Amino acid sequence: MMIEPFLSALPVLERLEAAGYEAYFVGGSVRDYLLKKQISDVDIATSATPVEVKEIFSKTVDIGIEHGTVLVLYNQESYEITTFRTEAEYQDYRRPKEVAFIRNLKDDLKRRDFSMNAIAMDKNGKLIDPFKGQLAIKDKLIQTVGRAEDRFREDALRMMRAVRFVSQLSFSIENDTLTALTNHIDLLENIAVERKKVEFEKLLIGNNRRIALKMILDTNLFLYLPGLNNNKQELEQLQNFQYDSLNKKEMWSLLLFCIDIKEKLIETFLRDWRMPIKEIREIQHTLFFLKKRLQQEWSIYDLYNAGYDNILSAEKLYLVFTRIKESDSIKHWLDLYEQLPIKYLSDMNVTGNDVMEWLNKSGGPWLKDTLLKIERAIVEGKLENNKQKIKEWLMACSPK
Ligand SMILES: Nc1ccn([C@@H]2O[C@H](COP(=O)(O)OP(=O)(O)OP(=O)(O)O)[C@@H](O)[C@H]2O)c(=O)n1
């Protein structure tokens with residue numbers, strides 16, 4: 001019995017077949033289906049070349065034509081359709097120098113990374129599994145298709161993918177695969193940070209992240225991670241903490257805190273990981289409030305300045321570092337936050353214009369200070385958020 005999202009994608013396979021080509025579901029979607037996990041993107045492999053695929057479907061996007069991949073938009077969904085291919089020669093272990101399109105499914109499956117990812121499924125739900133991927137899934141094993149060293153030389157990122165899958169799926173790495181991984185980990189030197197980041201972030205939030213993070217140290221993989229290669233001891237400390245419930249931002253904050261990075265170097269560290277500036281700022285804020293929290297309890301004004309997300313993240317991290325298990329402190333602080341008279345500057349019932357008019361002064365740096373003073377007084381409950389009351393308060397404390 002076929003299930004969603006394959007069901008919706010069936011017409012795509014059928015149209016390729018009607019045009020005389022072979023077409024199968026492949027890769028992560030088939031793996032996750034067999035694992036009864038949430039299925040993300042459905043990828044399709046076909047004997048049709050990209051040009052032939054584009055002739056069949058009216059809405060397509062060229063997302064990687066040189067690698068044989070066309071994005072097909074069908075019924076509001078999008079599917080990556082990749083031509084069966086082998087990867088002929090390899091250049092500096094990054095990406096195949098050239099891909100050769102072929103007409104044979106088995107040869108396509110043969111060049112894939114792990115046996116669990118090298119299973120195809122046809123339109124009737126029949127599995128084509130020449131490399132015993134189902135057995136590997138049953139045994140919870142990450143095993144390369146064929147010789148591990150060859151697969152890793154084709155694309156060294158696969159070594160990081162292996163450890164990412166350890167974290168995501170709670171599988172083990174099969175012995176020969178692990179030996180090759182340990183022996184050839186230096187091939188990761190050539191891999192672009194952007195690609196490493198994708199794998200590392202998936203690893204950081206996997207269910208089995210503790211084991212995967214330990215593996216990063218045991219295999220020396222950490223030596224090829226920006227900013228972490230000098231921090232073996234600090235990263236070992238991680239094993240002492242219970243951080244399974246942290247989200248991605250909190251995991252980055254945990255790492256940065258553990259390596260005891262100087263505040264002004266946080267941005268450089270995260271930029272080296274090609275992190276977008278918005279995410280960098282979020283992590284900086286979380287760390288700022290975490291450090292404060294480790295020294296003292298939240299003040300009302302800090303709760304206001306931090307905002308819901310930062311309170312939640314900093315408090316979660318605080319509990320990790322203090323090893324407090326049973327605690328309703330998160331709820332306590334968030335309840336206090338919810339009770340604040342205002343949440344944002346824009347919630348104040350007064351504007352800069354009002355203040356200038358009342359005091360009969362033109363704008364200047366004093367105005368910002370005054371608004372901040374009013375804001376703080378309101379937040380701390382010393383002043384009601386009411387225009388008339390604010391005016392009286394301001395007139396009373398301003399020099400005549
Ligand atoms: N370095 C790589 C990356 C991918 N693949 C193959 O391409 C498929 C799709 O890759 P991708 O979408 O990156 O990962 P998934 O395995 O689908 O995993 P997920 O969707 O969970 O990220 C993989 O299953 C695998 O067969 C590979 O052989 N080597």
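Only a predicted model underlies this, so the values are computations on that prediction, with no experimental measurement involved. (Residues numbered from 1 in each chain as written. Predicted model: local features only at pLDDT ≥ 70, side-chain atom pairs only at ≥ 80, totals over all residues. Heavy atoms only, no water.)

Draft legend 1. Spatial organisation of unusual backbone geometry. Cis geometry is adopted by the peptide bond preceding Pro-5, which originates at Glu-4 and carries an omega value of 0°. Along the chain, Pro-5 turns up in the segment before helix H1 (6–18). A positive phi angle, close to 50°, is found at Asn-75, a residue other than glycine. Not every positive phi belongs to a glycine, and Arg-323 is a case in point at roughly 55°. Positionally, Arg-323 belongs in the loop between helix H15 (300–322) and helix H16 (329–338). On the basis of relative accessible area, Arg-323 is assigned to the partly exposed category, the value being 49%. (Helix = DSSP H or I, 4+ residues; strand = E, 2+ residues; numbered from the N terminus. Buried < 20%, exposed > 50% of the residue type's maximum accessible area, 1.4 Å probe, protein only.)

Draft legend 2. Structural context of the nonpolar core. Counting 117 residues, the largest nonpolar core has Leu-16, Phe-25, Ile-44, Phe-200, Trp-252 and Ile-374 as its most contacted members. A total of eleven residues in this core trace back to one element, the largest contributor, which is H15. Counting residues in each nonpolar core, the second largest holds ten residues, with Ala-45, Ile-102, Leu-109 and Ala-120 among its members. (Core = buried A, V, L, I, M, F, W, Y, C linked by side-chain atoms within 4.5 Å.)

Draft legend 3. Representation of the site of the ligand within the structure. Taken together, 14 residues lie near the ligand, and Arg-31, Asp-113, Asp-155, Arg-158 and Lys-202 sit nearest. One of the side-chain N or O atoms of Arg-31 is found 3.0 Å from an oxygen atom in the ligand. In the model, an oxygen atom of the ligand is placed 3.2 Å from a nitrogen or oxygen of the Arg-161 side chain. Computed on the free molecule, the ligand has an accessible area of 560 Å², of which 76% lies beneath the protein chains in the complex. (Near = heavy atom within 4 Å. Polar contact = N/O pair within 3.5 Å; in protein donor to acceptor, adjacent residues only side chain to side chain. Areas by Shrake-Rupley, 256 points an atom, 1.4 Å probe, with all protein chains shown as cover.)

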